[in-house]
2 protein chains.
Amino acid sequence: MKTYAVDLGGTRIKLAIIIDGEICVTKIIPAHSDQGLADRLPQISDILKEMDLNYQQIQLDGVGMAFPGIVNFYENRIVTSNEKYKDAANTDIIGWAKREFHTKIILDNDANAALLGEVYYGAAKGCENVAMMILGTGVGTASMIRGQMIRGIHGQAGCLSGHITMNLNGRRCNCGNQGCLEANASTWALPYLVKETEQYLDSPFRKEPVQDFSTLRTYYQKGDPLAKYLFDHCVAYWGAGAVNLIHSYDPELIVLSGGVSRFTEIIRPIQKWIDEYAWTPWGRVRIIPAKQPESSVLLGLHYLVEESKKGVQ
Amino acid sequence: MKTYAVDLGGTRIKLAIIIDGEICVTKIIPAHSDQGLADRLPQISDILKEMDLNYQQIQLDGVGMAFPGIVNFYENRIVTSNEKYKDAANTDIIGWAKREFHTKIILDNDANAALLGEVYYGAAKGCENVAMMILGTGVGTASMIRGQMIRGIHGQAGCLSGHITMNLNGRRCNCGNQGCLEANASTWALPYLVKETEQYLDSPFRKEPVQDFSTLRTYYQKGDPLAKYLFDHCVAYWGAGAVNLIHSYDPELIVLSGGVSRFTEIIRPIQKWIDEYAWTPWGRVRIIPAKQPESSVLLGLHYLVEESKKGVQ
C-alpha cells in the first residue's frame, strides 16, 4: 500500500510517499536535468528515506518513476529524452532502487502516469476511454482505450501526439519532425512565433521578450493586438490537436493539464473547436481540466506500483 | 473453414468464397452505393449462393462484410459512412445474413479488414506492430499494436488517421474537419488542388481536368511543371501522414495500398520522408506495398470470421 513516487520534470523533481492513494508527504527539489540523472539519484534516495521516517512501519511496495521522454514500459527502461537527463537511458535505475530500497521500480512516461492518476484519482474517474493533453514547455499526450493504456511496442504510441505534423511548411520541431503541434503552440515555441509575425517590430515584445504564456496573457488583457493574435493562434492549434487526439484514439473525454492550462479561459475555445470539427457521430467529446494537476503523475505512479504488486501475488 | 466475404466499396462490391485462407471464387458487381445498401443485399445473397454451388459440402462458418465507413466492431454494427450507402446504419444486416445463410455476419471497417488480410496472408505476415495506409478516393488507415487492432470504443480509432488536421488554414474536409490529410492529398481533393495553384490558368489542366493520379502522372512524365508540383505536394503529405501514423501508433512497418499505390514510384519518397522526419530511436520504419491489394480486405474478413468461430468453440 506504500509507494515512493518520483516525478522527474525538466526543472523540478517531485517526490512523494503515497499510502493507499493518499499523498502523505511530498517534496520538490530542483532538477538540474541538464546535468543528467545519475548524479541526482543519491540525493533522491536520501530525501525519500528521510521523508519516510514516520511511515516505516508500513511495507514499501515499490518505487514509481516518471520520465519526461520515451519509456519502454514493457521492458521497464528509459529509451530517450529530447534534451533532459541525457544519461538516463544508460543509468542503472533498477539497480539503484534495489540497492537503496530493496524493492523494484516501475518506469513510465510522465504523461502516461498523469493520465493514470486522473483516471484513478482525478477528473476522469471511471472513464475508460480518455486522452490527456499537457500544455507546458512542450505538448505531452497520453491515451487510454477500453481501460488499456496506448503505449506501443517501443513506448512511442500515445505519448507523441504533440509531435504530429500540423503545418507541413512550418518550423522544424526539436524532435526532428516537421511542423509539429508542439513547434506551433507551446512555451518553447512562443519566442519563435512572436518573431515570425509581421507586427513584431512595432510590438512591445521587441523590448520585453515573451518567454511564457503568462506574459502573453498580461498583454492580451491590456488589449495588445499581437498578443491576441498569438493567443488565438495557439488556441486554434490546441483545438485542432484535440481533434487529432479524438480522430486517433476515440476518447469520450480529454483531460487538460500542464502549466498553460492554469489559464482556464483556453478551455472554452478548445471545446468550441472540438464541437465544430470533430467527427463523432456517437456524441460529444468533452474537454475538462485535470483535478490533480500537481500530483496526477505521482498518483499514477502509485497506481502502477500497486497494480504490479497485485499481478505478482 | 468456409467464409463468404463481402467488400463494399464506393464503386464496386467484391464477393468471395474463401476456404482455409484460399480465395476459391470471386466476383465483382457495381456498387451503386449512392442508392443505399438495403436494395443491394438481395442481389448479394443471390450471387453468393450461386458462387457457392461447387462448395456446398463444406460447412459455412459465417459471413464477413467490410464497410467504407465507421463500424463499431464490438457492437457489430455500422455507425456511419461519409457519403456512401447512407442507409447502412439502419439496415438489418444481421437479420439478412441469418435469413439468407442461417449464419452470423461480422462487420468491420474496410481498412481494418485490409490490414488483417496483409498481416495474416500478405506483406506484413508475422508482424504484430503495423499500420496501413490506403491511398485512393480518400485516405484510409488502420493500425495494430502488439497484435491487437486499434479500434476505439466507438470504432473511430485507427481508421481515421486520414482525417488528422495537417493544414490548419487549409480546405475543409468532407468529414467536417479542417485541413485533413485526405483534403490535401487524395483523388477527391485533386481537382481542388489543381485549381488552387497559381499556374492553373496557363496549364494543360484547364482544358483537360485532372480527375485522378493516372492523368497527373502522364503529364508528370511529359515534364509538365504543374503536374510535378502537385505530385511532390501529395507525396510530401503522404510522407508526413506516414510519420503521423508512426508517432501515433508506433508501428515497425507500414503497408501501402489503394489505387494510387499502383504508382510504385511514390514509395521511395515516402520512405525518404520517414527516414528524415520520424522520431524512432529504436530503428527504422519501413513502408512496403501490399501483397494482396485486390484481396486483402476479403482475406481479413475470412480471418475475422474464423477467429470468432474459434472463440465460440
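Use the structure listed above.
Quantities reported herein were computed from a predicted structural model and do not represent experimental measurements.

Definitions and cut-offs
Residues numbered from 1 in each chain as written. Chains lettered and ligands numbered in written order. Predicted model: local features only at pLDDT ≥ 70, side-chain atom pairs only at ≥ 80, totals over all residues. Heavy atoms only, no water. Disulfide = S-S within 2.5 Å. Buried < 20%, exposed > 50% of the residue type's maximum accessible area, 1.4 Å probe, protein only. 1 Å grid on protein atoms, 1.4 Å probe; cavity = no way out; pocket = protein on both sides within 12 Å on 5 of 7 lines; lining within 4 Å. Points joined across faces, edges and corners; volume = space filled by probe spheres on them. Helix = DSSP H or I, 4+ residues; strand = E, 2+ residues; numbered from the N terminus. Salt bridge = Lys/Arg side-chain N within 4 Å of Asp/Glu carboxyl O. Contact = heavy atoms within 4.5 Å. Buried area = accessible area lost by both parts, 1.4 Å probe. Polar contact = N/O pair within 3.5 Å; in protein donor to acceptor, adjacent residues only side chain to side chain. Least-squares fit on C-alpha atoms with pLDDT ≥ 70 in both. Pairing = 2+ DSSP bridges. Axes fitted to C-alpha atoms, helices over the stretch in contact; angles between N-to-C directions.

### Structural notes on the state of the cysteines
Item 1. Scanning the model with the defined rule gives zero disulfides over all chains in all.
Item 2. Looking at the unpaired A:Cys173, the closest cysteine sulfur is the one in A:Cys180, lying at 3.9 Å.
Item 3. A:Cys173 sits in the buried class, given a relative accessible area of 5%.
Item 4. With no disulfide partner, B:Cys180 has as its closest neighbouring cysteine sulfur the one in B:Cys175, 3.8 Å distant.

### Regarding empty space enclosed by the protein
Item 1. Scanning the entire structure with this criterion turns up one cavity of 30 Å³ or more.
Item 2. In this model, the largest cavity occupies a volume close to 60 Å³.
Item 3. Lining the largest cavity are A:Ile164, B:Met133, B:Thr141, B:Ser161, B:Ile164, B:Met166, B:Leu181, B:Gly241, B:Asn244, B:Leu245 and B:Ser248.
Item 4. Counting residues per element, the lining of the largest cavity draws most heavily on helix α7 (residues 225–249) of chain B, at four residues.

### Here's the deal with the pattern of salt bridges
Item 1. Counted under the stated rule, the structure contains 26 salt bridges over all chains.
Item 2. Between A:Asp52 and A:Lys2 there is a salt bridge, and its shortest N-O distance comes to 2.9 Å. Of this pair, A:Asp52 sits in the loop between α1 (41–51) and β4 (60–67) while A:Lys2 sits in strand β1 (residues 2–8); the two residues are 50 residues apart in sequence, bridging distant segments of the chain.
Item 3. The buried category is assigned to A:Asp52, whose relative accessible area is 5%.
Item 4. Between B:Lys309 and B:Asp61 there is a salt bridge, with its nearest N and O atoms 4.0 Å apart. Separated by 248 residues along the polypeptide, B:Lys309 in helix α9 (residues 296–312) and B:Asp61 in strand β4 (residues 60–67) bring together distant segments of the chain.
Item 5. Three or more residues joined by partner-sharing salt bridges are found here, namely A:Arg12, A:Lys14 and A:Glu294.

### A few points about the interface of chain B and chain A
Item 1. If you look at the interface, chain B gives 48 residues, while chain A gives 48 residues.
Item 2. Taken over both partners, the interface formed by chain B and chain A buries close to 4100 Å², and the fraction arising from carbon and sulfur atoms is 61%.
Item 3. Area buried by chain B at its contact with chain A is led by B:Leu168, B:His247 and B:Trp279, which between them contribute 18% of it.
Item 4. Here chain B is connected to chain A by two salt bridges.
Item 5. With a closest N to O distance of 3.7 Å, A:Glu276 and B:Arg172 form a salt bridge.
Item 6. Where chain B touches chain A, the interface holds 24 residue pairs in polar contact (both at pLDDT 80 or more).

### Things to note about the relation of the copies chain B and chain A
Item 1. Superposing chain B onto chain A requires a rotation of 180 degrees together with a translation of 0.0 Å along the rotation axis, leaving an RMSD of 0.0 Å. The superposition of one copy onto the other is thereby described by a two-fold rotation axis. Within chain B, the C-alpha atom positioned nearest to the axis of rotation is that of B:Met166, 2.0 Å from it.
Item 2. Both copies share a contact surface, since 100% of the interface residues of chain B are interface residues in chain A too.

### Points about the sheet that holds strand β1 (residues 2–8) of chain B
Residues and elements named next belong to chain B.
Item 1. Reading across the sheet, the five strands line up as β3-β2-β1-β4-β7 and stay open at both edges, with mixed pairing between neighbours. Bordering the open sheet on either side are β3 (22–30) and β7 (105–109), each of which pairs with just one other strand. Across the sheet, the axes of successive neighbouring strands diverge by a mean angle of 15 degrees, strand direction being ignored.
Item 2. Of the pairings in the sheet, the one linking β4 to β7 comprises five bridges and is parallel in character.

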